[in-house]
Amino acid sequence: MSTLLDVTGLSVNYGGVQAVHDSSIRVEEGEAVALLGPNGAGKSSTLRAILGLIKSTGQVNFRSTSISGVACERIVSQGLTLVPEGRRLFPQLTIHENLMLAARHRKAIQSTYEALLARLPILAERRDQPAGTLSGGEQQQVAIARALMSQPDLLLIDEPSLGLAPTLVDRVYELLADLKADGLSMLIVEQEVIRVLNFADRAYAMANGTIVMSGSAAELRNSDDVKHFYLGAEE
Ligand SMILES: Nc1ncnc2c1ncn2[C@@H]1O[C@H](COP(=O)(O)OP(=O)(O)OP(=O)(O)O)[C@@H](O)[C@H]1O
Ligand SMILES: [Mg+2]
């Protein structure tokens, strides 16, 4: 296994608010890694900083090459992309249009699009429907499909189950399992702690901008601290 993403000493400061402080995260090739933490812990800021969407300090390496300070579009073209929190689709545009916009800089657009529709029949049926008229679960599938249009090797996913009913969360995780089986690596921010720890290989827990715990998903699942801090409501 080789290291795909290596983040060391990452810090994000929003004009005085220290959102992320000296955090280190690693994703090996083929792994699904979970990033847990309560609201405001700094999870989204971490993903956005890795992708070059916001300013940060520290070191971010992708495939052993520094991407610190590199523009987001160039990072995406190297094989790293983000499914943002809240999906951020263009609601008036059709599924087809949302996906095509995401792929405008890439070759083999049409074949990638056709392969995605074959994998996600619901999107094929609804391809000419405005994205805003889809259910939350369908919109999450479109958001993931849009990210896949850039043919990534590593997907950063911010709260895929946010606002979804449990059966729709199942559907989203079935899709993630399919993608993982195909070799896609992932870093998943998730507040559905049990769900993601049953899916991921390893996990990190974040609080107040710092990584407070890391280990195999099984270790975190069995940790008294995780049970206490994150699963209190589910015990
Ligand atoms: N653009 C911004 N300007 C100023 N402060 C911000 C900005 N974005 C986030 N923050 C602050 O940074 C901290 C971390 O926010 P972030 O969105 O990374 O947390 P999160 O772990 O993703 O939370 P959630 O689970 O609610 O999505 C919070 O205190 C938040 O208020
Ligand atoms: Mg967030």
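Sequence positions are assigned chain by chain, starting from 1 and proceeding in written order. Chains carry letters from A onward and ligands carry numbers from 1 onward, assigned in written order. The predicted origin of the model limits local features to residues at a pLDDT of at least 70 and limits the giving and counting of side-chain atom pairs to 80 or more, whereas totals for whole chains, interfaces and linings rest on all residues. For the side-chain quantities, the full set of heavy atoms in the structure was used; hydrogens and water were omitted.

Enquirer: Explanation requested: the overall build of the chain in the structure shown.
Expert: Labels follow the DSSP assignment, with helices taken as runs of H or I lasting at least four residues and strands as runs of E lasting at least two, numbered in each case from the N terminus. Scanning the chain for helices and strands turns up 10 helices and 10 strands. For 235 residues, the compact-globule formula gives about 18 Å, and the C-alpha radius of gyration of the chain, at 17 Å, lands near that figure. In what follows, residue pairs with any heavy atoms lying within 4.5 Å of each other are defined as contacts. Contacts spanning at least 24 positions in sequence make up 67% of the contacts within the chain whose residues lie at least 6 apart. Each accessible area is a Shrake-Rupley result for a 1.4 Å probe, and residues are judged covered by the shown protein chains and nothing else. A total accessible area of about 10700 Å² is found for the chain, and carbon and sulfur atoms account for 49% of it. Counting rule for charge: Lys and Arg are taken as positive, Asp and Glu as negative, and neither His nor the chain ends is counted. Throughout, a charge is located at the NZ atom of Lys, the CZ atom of Arg, the CG atom of Asp or the CD atom of Glu. A gap of 6 Å separates the mean positions of the 21 positive and 27 negative side-chain charges of the chain. Here the globule rule is a power law, 2.2 Å times the number of residues to the power 0.38, and the radius of gyration is based on C-alpha atoms.

Enquirer: Honestly, the coordination of the magnesium ion (ligand 2) in this entry has me stumped. Any pointers?
Expert: Tetrahedral coordination by four donors places them ideally at 109.5 degrees to one another around the metal; octahedral coordination by six donors ideally gives 90 or 180 degrees. In this listing, donors mean N, O and S atoms no farther than 2.8 Å from the metal, or 3.2 Å for Na, K and Ca; water is missing from the atoms, so a site can look incomplete. For the magnesium ion (ligand 2), the protein coordination sphere consists of S44 (OG) and E85 (OE), at 2.0 to 2.2 Å. You can see S44 sitting in helix α1 (residues 43-50) and its partner E85 sitting in the loop between β6 (80-83) and α3 (95-102), a full 41 residues away along the chain.

Enquirer: Please explain the sheet that holds strand β7 (residues 154-158) as it appears in this structure.
Expert: In sheet architecture, strand pairing relies on hydrogen bonds along the backbone and comes in two forms, parallel and antiparallel. For two strands to be treated as a pair, DSSP must find no fewer than two bridges joining them. Read across the open sheet, the 6 strands follow the order β6-β7-β8-β3-β9-β10; overall the sheet is mixed. The sheet is open, and its two edges are formed by β6 and β10 (210-216), each paired on a single side. The mean inter-strand angle of the sheet, taken between neighbouring strand axes irrespective of direction, is 15°. Two strands pair when backbone bridges link them, and strand β3 (residues 32-36) and strand β8 (residues 185-189) are joined in this way by 4 bridges, in the parallel orientation. If you follow A32 over to β8, its bridge partner there is M186. Packing of helix α6 (residues 136-148) onto the sheet brings it into contact with β6 and β7, and relative to β6 it is tilted by some 165°. Note on geometry: axes are lines fitted to C-alpha atoms, helical ones only across the stretch in contact, with angles between N-to-C directions running from 0 to 180 degrees.

Enquirer: What is the right way to look at the pattern of salt bridges in this model?
Expert: Any two side chains of opposite charge can pair, so long as their charged atoms come close to each other. A pair is scored as a salt bridge if a Lys or Arg side-chain nitrogen falls within 4 Å of a carboxyl oxygen belonging to Asp or Glu. This structure, assessed with the given rule, holds 8 salt bridges. Put simply, D153 and R63 hold a salt bridge, and the shortest N to O gap is 3.1 Å. Of this pair, D153 sits in the loop between α6 and β7 while R63 sits in the loop between β4 (57-62) and β5 (65-66); the two residues are 90 residues apart in sequence, bridging distant segments of the chain. Exposure categories follow from relative accessible area, calculated using a 1.4 Å probe and restricted to protein chains: below 20% of the type maximum is buried, above 50% is exposed, and the middle band is partly exposed. Given a relative accessible area of 29%, D153 falls into the partly exposed group. Residue R63 is classed as partly exposed on the basis of its relative accessible area of 36%. Its salt-bridge partner being D170, residue R195 comes within 2.4 Å of it at the nearest N-O pair.

Enquirer: Could you clarify how one ought to interpret the nonpolar core in this entry?
Expert: If you look at soluble globular proteins, the nonpolar side chains tend to sit buried side by side. Among buried residues, the Ala, Val, Leu, Ile, Met, Phe, Trp, Tyr and Cys ones that are joined through side-chain atoms within 4.5 Å form a nonpolar core. Ranked by internal contacts, the top residues of the largest apolar core, which has 46 residues, are I144 and L176. Contacts of L176, omitting those with residues within four sequence positions, involve I144, I157, M186, I188 and F199.

Enquirer: Hey, could you run me through the packing of α3 against α6 in this one?
Expert: Two quantities define a packed helix pair, namely the angle between the helix axes and the distance between the axes. Taken N-terminus to C-terminus, the directions of α3 and α6 make an angle of 30°; their axes are 8 Å apart at the nearest point. Considering their axes alone, α3 and α6 lie roughly parallel with respect to each other. Crossing hand, α3 versus α6: right-handed. Contacts between α3 and α6 pair I95, N98, L99 and A102 from the former with V142, A145 and R146 from the latter. All amino acids are sorted into three groups, where Ala, Val, Leu, Ile, Met, Phe, Trp, Tyr, Cys and Pro are nonpolar, Asp, Glu, Lys and Arg are charged, and the leftover types, Gly among them, are polar. Here the residues of the contact of α3 with α6 sort into 5 nonpolar, 1 polar and 1 charged. Any angle from 65 to 115 degrees is called roughly perpendicular, while one under 35 is roughly parallel, one over 145 is roughly antiparallel, and all others are oblique. In this scheme the crossing of two helices becomes right-handed for a clockwise turn of the near helix relative to the far one and left-handed for an anticlockwise turn of less than a right angle.

Enquirer: Explanation requested: the sheet that holds β5 in the structure shown.
Expert: The strand order across the open sheet formed by 4 strands is β2-β1-β4-β5, and the pairing between neighbours is antiparallel. Among the strands making up the open sheet, the edge pair consists of β2 (17-28) and β5. For β4 and β5, the ladder comprises 2 bridges, and the chain directions are antiparallel. Residue pairing in the sheet places N61 in a bridge with S66 of β5. Running over the sheet, α1 touches β1 (3-14), β2 and β4 and is turned about 115° from β1.

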